[in-house]
Every structure is written in C-alpha cells, then in structure tokens.
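Working through the structure, step by step
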Amino acid sequence: MFDTLSDRLSAAFKNLRGKGKLTDADIDATAREIRIALLEADVALPVVKDFIAAVKERAGGAEVRGGLNPAQQVIKIVNEELVTILGGETRELRMAKRPPTVIMLAGLQGAGKTTLAGKLAKWLKESKHQTPMLVAADLQRPNAVTQLQVVGERAGVPVFAPEPGNGVGDPVDVARQAMDEAKAKQYSVVIVDTAGRLGVDQELMKQAADIRDAVSPDEILFVVDAMIGQDAVNTAQAFLDGVGFDGVVLSKLDGDARGGAALSIAKVTGRQVMFASNGEKLEDFDVFHPDRMASRILGMGDVMSLIEKAEQSFDAEEAAKTAAKLQRKGGKEFTLDDFLAQMQSVRKMGPLTKIFGMLPGAAQFKDQLENFDEREIDRIEAVIHSMTPAERTDPNIINGSRRLRIANGSGTEVATVSGLVERFFEARKMMSAMASGKGMPGMPGMPGMGGAGGGKKAKQQAKKVKPKRGSGNPAKRANPGSSEPAAPAAGQLPAAFGGGGTGGAFELPDDLKKMLGDK
C-alpha cells in the first residue's frame, strides 16, 4: 500500500545526499516534494499542512545546518513526524479488572468486521492466553451470522448466536444475553460483531449506541477499510460523534490503495490505530506499531516485526540442534531433511515477499521481490520429498540415474535437481562458516569479529591482488594509456564497496538472483 509513497519520499531525499549544508532553497524543495508525495497518497490536507510545517521548522534548525550529514538528519526528522501522525506510541488493549473484557466492533458494511472479529479472537487466544467468545449481533446482513460461525470455527473460538439473522432478531437483546452467557461459562473476553450500513445513517448510529449502552464495552474499535481513502476520515469522524470509539483497526492493508487513511485517521480523530489486518488468512493480523510503520514507509525495513515472526515460527530447541549440526564436522551432519524443516519454518512466517520486504534496503529489490514465484518453494519441497532417506542424509550419493528418478518423481527436470543439490552444498558451507564464527566464505572478516578474512590464506590472497601505488607525477596519472585502474564515475562506489567500478549497472549476486527466481 505504501510503495508509491515510499518511492516519492526516497526521491525527495536523494537530492539532499552529498550536500554539506542545507540552504533554505534545499529545505523548501524537499518540503515541496514531501507535500506532493503525501497528497498523492491521499493524506488529509490538514494533516499534510501540519506535517510539512513541523518538518520545515525542525529542518531549519541549527543542529541540522551544522550537521555532517543533512540528508540523514532530514530523514530522521521525517521519520519522527511520521511516527507522531501515526499515533506516537503503540497502544495496548485495555483489559477489564473483572472479566469478561467486552470489545465492540463498529464500522460500515464491507469494512471487514466479521473476519476481523475472528482474527482478533485468534490473536487474543494465542498471544494473550485469553478465552474469547464471539457474539453474532449483526442480524441485518444476509448470512452474517453463518459467516461468523465459520470464522469462529476456523479460529477455534466459540460463537454465541441465538438468532438466525437475515433480518430476524433483536441485536441489543442478543448482546445482553451474551454477557450472561460469558459470565456463566467464564469467558475472559467477549467480542461483539455489530451490523454496518453502506453509509452513515441515523438507524446505524442508534443501533450501535443501544448495543454500547447494553454491554458497556471496555473497548470500542472502529474498523475501517484502508482502501477507501479520504472518506475513511469522514466516516471515522461521524462514528466518533455518533457512537464514540477508543481505537481504530485498519483492514485490507495489503491492498493497492494509496494509504492516506492510515496516515490521516489517528491525527484527525485523536484515536490511535491499534491493529492492522493485512491479508485474508486469520494469521494476517498484527498490532499496529507507529514507529515500525514509519520505518517501512521510509524504506528502512521492520526488523523488530521480523524477529517477532521468527520467534513465533521457529522452535528454539530445534534451532539449537540445527546450529549444533552446522558447527560439527564442517556442517556435514546438516542434511536435506534439516534444510527442508528450516524452509518450512520460514514459510510459516508468511509469504516470502513480505518477509524479504521487512529487511532494511529491500525497496531497491522491489521489482525482483514482486516477480518472485512462491511456487518455486513448492517445487523444491517436491524434489526433496522424492528422494530416499539415504539421499536426503547424504546428497553426495545422488548420481545421474538417481537424479533422473528424482526428477521424474517430482515432475521437474534433471537440471532442477542438480541445481538444488549444488545450492544446498553452497548454503551448508556458508551456514556452517557463520555458525562457527568464521564469517561468510569468500568475504573478508569484519573488524572486531572472527571471519574468513582473518586467516593466513586470505592475507596471502590480499597480498597477491594488492594494487600498485600510483605515480607521484600528475601527468602520468592523467595519461589514458597508464596501467593504473580507472577511477569510479562520479556518484558511483568503487568495486570493492559494491559498486561497478567501471560505470556498469549494479547487479545482484548470483545466489540472490537464483533465490528470487531471476534466471
């Protein structure tokens, strides 16, 4: 959703790089680019005005003008202001001192309240160790009660639905009965799914207010479709005035809209965004962290969310066993079965494109990530499953005839099997070196860390490729026929630092190209 905004902001900051000091003209030009980026992202005009005013005031300060790196200072200021308009600190759910905690969902029809009720219940059950119950108080929309029952079954959460819905029953009475049910069966959380309308009207507001008065909720969450843009702010303000709410939940954050609702709603309403739903599965639900979202928008990744997903997906005991295998005997005890288990654990974290997108600097590989085919992982699994236990334990025994049999069994080509085996050996060698504290093979050691560059062999290689010293005569250095290496073009890094060195375009490493499916 924030790709376009991220690209525009990156372009705005690009013009600041290389400047020793910021002039008023630099600040005005950058502010103009940021203003255009935010308006194109459909951010509310009052929010844009306040944001730009704050950035210009801080960017014009002496601490920036005298800074060694103005571009980084401005990015820091923009990041902090983005965090502010996104709500500041992360807000947790308020739990009742005496259970049950009552959470009421409100919003327009089609915002995704029913699905979100199941996601919230599953999240509470797994992360907060609560015993939630869903309440079907949406008796207007066709099959809303049935949908909630299906969602509750998938989430493993009971659903209180005494009325069939489809226009039959009193939602206020259902809400009252639900409170008695929760107290009798000792459920710790009650999530009330209410009806919506295609637009804001008096009937909708009255029914929501009556349910609110009947159950006295601890939290009223306003569910808003993040794809409806500016209208999200208007709708939120109408609900705030008519019913009131304590927090906002953004649904459909994985859509291709411009994201203005997320950047506007907290600032305009004064109510923080608490959760974000970013997919169709029940697992696609996250706590909304303003600081992490700001980092994603600015292309700085979201390492903390990545770590949390890894902690949820990886078994600590199994990870320790795998690390031990990689440290022993040069990693030869690490088998294709272990490789498959690791790959399946990574897949539990979510689509690989999303996982890679959380890494800092991933924005520059956006096109490759978008073209990545998730089915490639399925093919790898099929190849490994087509091997015998002996072949998975010792891939060295896989000869030509075995590769043909594996290819036929997995529905792939012999070249695919050969490529997988070769990549496995390369990956095992690299992981073994890293697990043993030797750094990555073929790369110099980092200062202060054990690494391959610290060895005798690496020092000998470094001595071999040591360049000749340049001539002290400026005329000789300027001679095109000289044997001196050409200087990198302006604005380009030397080859030793990842640049082309000769003006060529930047190329991804071959291993990363293979991983991303770029042939």
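Counting restarts for each chain, with residues numbered from 1 along the sequence as it is written. Restriction of local features to residues with pLDDT of at least 70 applies here, the model being predicted, together with a cutoff of 80 or more for giving and counting side-chain atom pairs; totals for whole chains, interfaces and linings are based on all residues. The basis for every side-chain value is the complete set of non-hydrogen atoms in the structure, without hydrogens or water.

Section: the overall build of the chain
Numbering of helices and strands runs from the N terminus; a helix is a DSSP stretch of H or I covering at least four residues, while a strand is a stretch of E covering at least two. When you go through the chain residue by residue, the secondary structure sums to 24 helices and 8 strands. Note on exposure labels: buried denotes an accessible area under 20% of the residue type's maximum, exposed denotes more than 50%, and partly exposed covers the range between, all computed with a 1.4 Å probe on protein chains only. Counting over 519 residues, the chain shows a buried share of 42%. Residue contacts are defined here by distance: any two heavy atoms, one from each residue, within 4.5 Å place the two residues in contact. Considering only contacts in the chain between residues 6 or more positions apart, those separated by 24 or more positions represent 70%. Every accessible area reported is derived by Shrake-Rupley at a probe size of 1.4 Å, with residue values counting cover from the shown protein chains alone. Total accessible area computed for the chain in this model is approximately 27500 Å², and 52% of it derives from carbon and sulfur atoms.

Thoughts on the packing of helix 6 (residues 113–127) against helix 7 (residues 144–155)
Here the axes come from fitting lines to C-alpha atoms, over the contacting stretch only for helices, and the angles between their N-to-C directions go from 0 to 180 degrees. Orientation of helix 6 relative to helix 7, taken along the N-to-C sense of each, is 25°, at an axis distance of 9 Å. Considering the angle they form, helix 6 stands roughly parallel to helix 7. Relative to helix 7, helix 6 is oriented so that their crossing is right-handed. Contacts between helix 6 and helix 7 pair Thr114, Thr115, Ala117, Gly118, Lys122 and Lys125 from the former with Ala144, Gln147, Leu148, Val151 and Ala155 from the latter. Classifying every residue of the contact of helix 6 with helix 7 gives 5 nonpolar, 4 polar and 2 charged. Angles are sorted into four bins: roughly parallel if under 35 degrees, roughly antiparallel if over 145, roughly perpendicular if 65 to 115, and oblique for all others. Should the near helix be turned counterclockwise from the far one by less than a right angle, the crossing is left-handed, whereas a clockwise turn marks it as right-handed. Classes in brief: Ala, Val, Leu, Ile, Met, Phe, Trp, Tyr, Cys and Pro nonpolar; Asp, Glu, Lys and Arg charged; the others, Gly included, polar.

Some thoughts on the packing of helix 20 (residues 400–410) against helix 21 (residues 414–435)
It is at 8 Å that the axes of helix 20 and helix 21 come closest, and there the two elements cross at 110°. Compared by their axis directions, helix 20 and helix 21 come out roughly perpendicular. The chirality of how helix 20 crosses helix 21 is right-handed. In this structure, helix 20 contributes Arg403, Leu404, Ile406 and Ala407 to the contact, and helix 21 contributes Val414, Val417 and Ser418. Here the contact of helix 20 with helix 21 is composed, by residue class, of 5 nonpolar, 1 polar and 1 charged.

Let's talk about unusual backbone geometry
Geometrically, the link from Pro99 to Pro100 is a cis peptide bond, its omega value of 5° lying close to zero. With respect to the secondary-structure elements, Pro100 resides in the loop between helix 5 (70–85) and strand 1 (101–106). Although it is not a glycine, Asn166 sits at a positive phi angle of roughly 55°. Structurally, the position occupied by Asn166 is in the loop between strand 3 (159–160) and helix 8 (171–185). We note that Gln186 has phi near 60°; this positive angle belongs to a residue other than glycine. As for its position among the elements, Gln186 is in the loop between helix 8 and strand 4 (189–194). Gln186 sits in the exposed class, given a relative accessible area of 69%.

Focus: the sheet that holds strand 5 (residues 219–225)
Ordered by their spatial adjacency, 8 strands build an open sheet running 3-2-4-1-5-6-7-8, and the pairing between neighbours is mixed. Strand pairing shows two members of the sheet lacking a second neighbour, strand 3 and strand 8 (285–287), which therefore form its edges. Across 4 bridges, the pairing between strand 1 and strand 5 is parallel. Counterpart to Ala106 in the pairing with strand 5 is Phe222. The strands touched by helix 7 are strand 2 (132–137), strand 3 and strand 4; relative to strand 2, the strand with the most contacts, the crossing angle is about 165°. Two strands pair under a simple rule: DSSP has to find at least two bridges between them.

Digging into the confidence of the model for the chain
Scored by pLDDT, the chain comes out at a mean of 77, with 72% of its residues at no less than 70. In this model, residues 440–468 is a region of pLDDT below 50 whose contacts with residues beyond four sequence positions or in other chains number 26 contacts. As a per-residue measure, pLDDT reflects the predictor's confidence and takes values from 0 up to 100. Confidence over residues 474–508 falls short of pLDDT 50; this stretch has 34 contacts with residues more than four positions distant or in other chains.

Some points on the side chain of Gln207
Structurally, Gln207 can be placed in helix 9 (residues 202–215). For Gln207, a relative accessible area of 14% gives the class buried. With sequence-adjacent residues up to four places away left out, Gln207 is seen in contact with Gln140, Pro171, Ala195 and Arg197.

Examining empty space enclosed by the protein
As defined here, a cavity is a set of points on a 1 Å grid over the protein atoms alone where a 1.4 Å probe fits but cannot get out. A pocket is an open set with protein on both sides within 12 Å along at least five of seven lines, and residues line them when an atom is within 4 Å of a point. Grid points are joined across faces, edges and corners, and a volume is the space filled by probe spheres set on the points. Throughout the structure, instances matching the rule amount to 4 cavities of 30 Å³ or more. Within this model, the largest cavity holds a volume of roughly 60 Å³. As for the largest cavity, its lining consists of Leu16, Leu22, Asp26, Ile27, Thr30, Ala31, Ile34, Val55, Ala59 and Val74. Of all the elements, helix 2 (residues 24–40) adds the most residues to the lining of the largest cavity, at 5 residues. By residue class, the composition of the lining of the largest cavity is 8 nonpolar, 1 polar and 1 charged.

Regarding the environment of Gly118
In this structure, Gly118 sits in helix 6. Looking at Gly118, the relative accessible area reads 0%, which means it is buried. Residues Gly118 and Val157, spaced 39 residues apart in sequence, show a C-alpha to C-alpha distance of 8.0 Å. Discounting residues that sit within four places of it in the chain, Gly118 has contacts with Leu134, Val151, Ala155 and Leu282.

Description of helix 15 (residues 336–348)
In this analysis, the expected span of each helix is defined as 1.5 Å times one less than the number of residues it contains. End to end, helix 15 covers 18 Å across 13 residues, agreeing with the expected 18 Å (1.5 Å per residue, within 8%). Regarding helix 15, the residues found buried are Leu336, Asp338, Phe339, Leu340, Met343 and Ser345. The opening residue of helix 15 is Thr335, an N-cap whose side-chain oxygen sits 3.3 Å from the backbone nitrogen of Asp337. Here a polar contact is recorded for every N or O atom pair within 3.5 Å, except that within protein the pair must consist of a potential hydrogen donor and a potential acceptor, and residues adjacent in sequence are included only if both atoms are side-chain atoms.

Topic: the side chain of Lys119
Its place among the elements puts Lys119 in helix 6. Charge assignment in this entry is limited to Lys and Arg as positive and Asp and Glu as negative, and neither His nor the chain termini are counted. Only one rule defines a salt bridge in this text: a Lys or Arg side-chain nitrogen within 4 Å of an Asp or Glu carboxyl oxygen. Buried charge Lys119 goes without a salt bridge, the closest partner of opposite sign being Asp284 at 5.5 Å. A polar contact of 2.6 Å, which involves the side chain of Lys119, links it to the side chain of Ser277.

Side note on the pairing of strand 2
Of all 6 residues making up strand 2, 6 are buried, and the element is well covered by its neighbours. The pairing of strand 2 with strand 4 spans 6 bridges and is classified as parallel. Residue Ala137 lies in a different strand from strand 4, and its bridge partner there is Thr194. In this structure, strand 2 lies alongside strand 3, joined through 2 bridges in parallel fashion. Looking at strand 3, one finds that Leu134 is bridged to Val159. By definition, the crossover connecting two strands over a helix is right-handed if that path, from the first strand to the second, turns clockwise as seen with the strands pointing away from the viewer. Taken together, strand 2, helix 7 and strand 3 form a β-α-β motif whose crossover is right-handed.

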